[in-house]
Amino acid sequence: MPANHFNTHCPDWAEALLNGFSQIFFQRHPLCGLLCLLAILLTAPVLFAGALLGGVAGLLTAQRRNYAKADRQAGLFSYNGVLLGLLLSLYFPWSPLLPPLILAAGGLSAMLTQQWLKHVYRSRAIPAYTSPFVALSWVLLMFAEPFAPAASVDLNTTNLLAAEMRGFGQVMFLDHPLAGALIASGLLLADRRAFCWALLASAIGLGSSLLHHETSAALLGLGGYNAVLAALAFSAQRQNPWLPLLAIVLALLVTPLFAALGLATLTAPFILACWLIRAGIQMLGKASLAHESCAHEENHPRLR
C-alpha cells in the first residue's frame, strides 16, 4: 500500500507517532515507523511499552507547548523519546516509578529538541540528531545497574548474515535478526537509496569490528549501527555521493573515543562524525564565499 494512501486512513496523532519511530532512521514514513514498532513488539515486547510511552510523551509535550505542527507531524519531537523509552526499559526494572521517569525523559527531550530547532531555523546551525537522547541517557545511566555482558556468538556464515541485519536493529537496542530485517524493510519502502547506504554501512561496520578482533560485538551488530546512522544522515546527498562513505568511516574511527572516556557509546559516534562533517562543510563554504567576495568585490553575497 502506498504511504500516501496509508496516511489518508491514519489519524494525525498516529501518523505523528509512527513518523517518530521512522525518524530514528531519518525517514518521514508512517509505514516505515510501523515496521519499526513491529520490530520492537515481535522481538523485544518488554521494551514495547517504554518505546510507546517515550514517543507519546514527546508528542504530547510538543502539543501542549504549541510547537510547530509541521515539526510535530514529522515526528521530530518523538524519536528521542522513543529511544529514551527503549533505554530505560532495558536498563531499569519495571516498577511504579519507571513510567513517570520515561514520560519525564521523553517530554524533556522534546523541549531540548525544540530549543535546538529554533537555533537551527534561525542561524542554520548543525542539526541535533539524537544528542538529546545521548545527553539524557548519560545522566540516567549513572543510576543504572551494570549491564550483564551478552553471550558470545559463534563465527559462521549464518551468524555473519544475521549480523548484517543486527546492525539495523541495534540502533534501537534490538539484537534479533528479525528486528533488523523489519527495519531494513521499512527503509526499503521509504527510500531505496537510504536502504542501500545503510546496508553497505552495516557491512563495513561488521567488517571493521572483525578486523579489530571484536568478534562478539561484530556478530551482535554493535559494530555497525553507528555506521548505519551516519550513512543515513547523508544518504540524500546526491551532489556529494562520497559524504555517506566519509560519515561511515569517521563514525567508526571515533567510536573508541567514548569507551576511552568511560562513556556509554550509544549513538554518540554517529553524532560526532556528522557534526564534524557538517562543521567542515560550513567552514569550507564560508572560506569559498570569502574567496569569491574578494575576487569580485562588486558582487556582495546575498543572505539567504
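Attention here is on the structure that accompanies the text. (Residues numbered from 1 in each chain as written. Predicted model: local features only at pLDDT ≥ 70, side-chain atom pairs only at ≥ 80, totals over all residues. Heavy atoms only, no water.)

What about the overall build of the protein chain?
Reasoning step 1: Along its length, the protein chain carries 15 helices and zero strands.
Reasoning step 2: For the protein chain, whose C-alpha radius of gyration is 20 Å, the value lies close to the compact-globule estimate of 19 Å for 304 residues.
Reasoning step 3: Its C-alpha atoms give the protein chain principal-axis dimensions of roughly 65 × 50 × 45 Å.
Reasoning step 4: Looking at the protein chain as a whole, 49% of its 304 residues qualify as buried.
Reasoning step 5: Once local pairs closer than 6 in sequence are excluded, the contacts in the protein chain between residues at least 24 apart make up 72%.
Reasoning step 6: Each charge sign in the protein chain was given a centre, from 16 positive and 12 negative side chains, and these centres are 11 Å apart. (Helix = DSSP H or I, 4+ residues; strand = E, 2+ residues; numbered from the N terminus. Rg over C-alpha atoms; globule rule 2.2 N^0.38 Å. Buried < 20%, exposed > 50% of the residue type's maximum accessible area, 1.4 Å probe, protein only. Contact = heavy atoms within 4.5 Å. Lys, Arg positive; Asp, Glu negative; His and termini not counted. Charge placed at Lys NZ, Arg CZ, Asp CG, Glu CD.)

Considerations on the layout of surface pockets
Reasoning step 1: Volume-wise, the largest pocket comes out at about 1,200 Å³.
Reasoning step 2: Lining the largest pocket are 41 residues, with Gln170, Ala217, Leu222, Tyr225 and Thr265 sitting closest to its centre.
Reasoning step 3: Sort the elements by how many residues they give to the lining of the largest pocket and helix 14 (residues 243–260) lands first, with five residues.
Reasoning step 4: Among the residues making up the lining of the largest pocket, the classes are represented as 26 nonpolar, 13 polar and two charged. (1 Å grid on protein atoms, 1.4 Å probe; cavity = no way out; pocket = protein on both sides within 12 Å on 5 of 7 lines; lining within 4 Å. Points joined across faces, edges and corners; volume = space filled by probe spheres on them. Nonpolar A, V, L, I, M, F, W, Y, C, P; charged D, E, K, R; others polar.)

With respect to the pattern of salt bridges
Reasoning step 1: Per the counting criterion, the structure on display carries one salt bridge.
Reasoning step 2: A salt bridge links Lys69 to Asp12; the shortest N-O distance between them is 3.7 Å. With a gap of 57 residues between them, Lys69 in helix 5 (residues 69–73) and Asp12 in helix 2 (residues 12–22) connect regions that are remote in the sequence. (Salt bridge = Lys/Arg side-chain N within 4 Å of Asp/Glu carboxyl O.)

Quick word on the environment of Leu210
Reasoning step 1: Here Leu210 is to be found in helix 11 (residues 192–211).
Reasoning step 2: By relative accessible area, which is 27% here, Leu210 ends up partly exposed.
Reasoning step 3: For Leu210 and Pro45, which are 165 residues apart along the polypeptide, the C-alpha to C-alpha distance reads 30 Å.
Reasoning step 4: Beyond its immediate stretch of four places on either side in the chain, Leu210 contacts Leu155, Leu160, Thr215 and Ala218.

Quick look at helix 4 (residues 45–64)
Helical geometry: 3.6 residues make up each α-helical turn, so side chains three or four residues apart lie on a common side.
Reasoning step 1: The end-to-end C-alpha distance of helix 4, which contains 20 residues, comes to 29 Å, matching closely the 28 Å that a straight helix rising 1.5 Å per residue would cover.
Reasoning step 2: Within helix 4, burial applies to Leu47, Phe48, Gly50, Ala51, Gly54, Gly55, Ala57, Gly58, Leu59, Thr61 and Ala62.
Reasoning step 3: The inward-facing, buried residues of helix 4 abut helix 2, helix 3 (30–43), helix 5, helix 6 (79–91) and helix 7 (98–123).
Reasoning step 4: Positive backbone phi, approximately 60 degrees, marks Asn66, located one or two places after helix 4. (Expected span 1.5 Å × (residues − 1).)

Let's talk about the side chain of Thr61
Reasoning step 1: Structurally, Thr61 is set in helix 4.
Reasoning step 2: With relative accessibility at 16%, the residue Thr61 sits in the buried group.
Reasoning step 3: A polar side-chain atom of Thr61 sits 2.7 Å from the main-chain carbonyl oxygen of Ala57. (Polar contact = N/O pair within 3.5 Å; in protein donor to acceptor, adjacent residues only side chain to side chain.)

Points about unusual backbone geometry
Reasoning step 1: Its identity as a non-glycine residue notwithstanding, Phe26 has a phi of 65 degrees, on the positive side.
Reasoning step 2: Take Phe26: it is sitting in the loop between helix 2 and helix 3.
Reasoning step 3: With phi around 55 degrees, Tyr129 is a residue other than glycine that occupies positive phi space.
Reasoning step 4: Within the secondary structure, Tyr129 is located in the loop between helix 7 and helix 8 (131–140).

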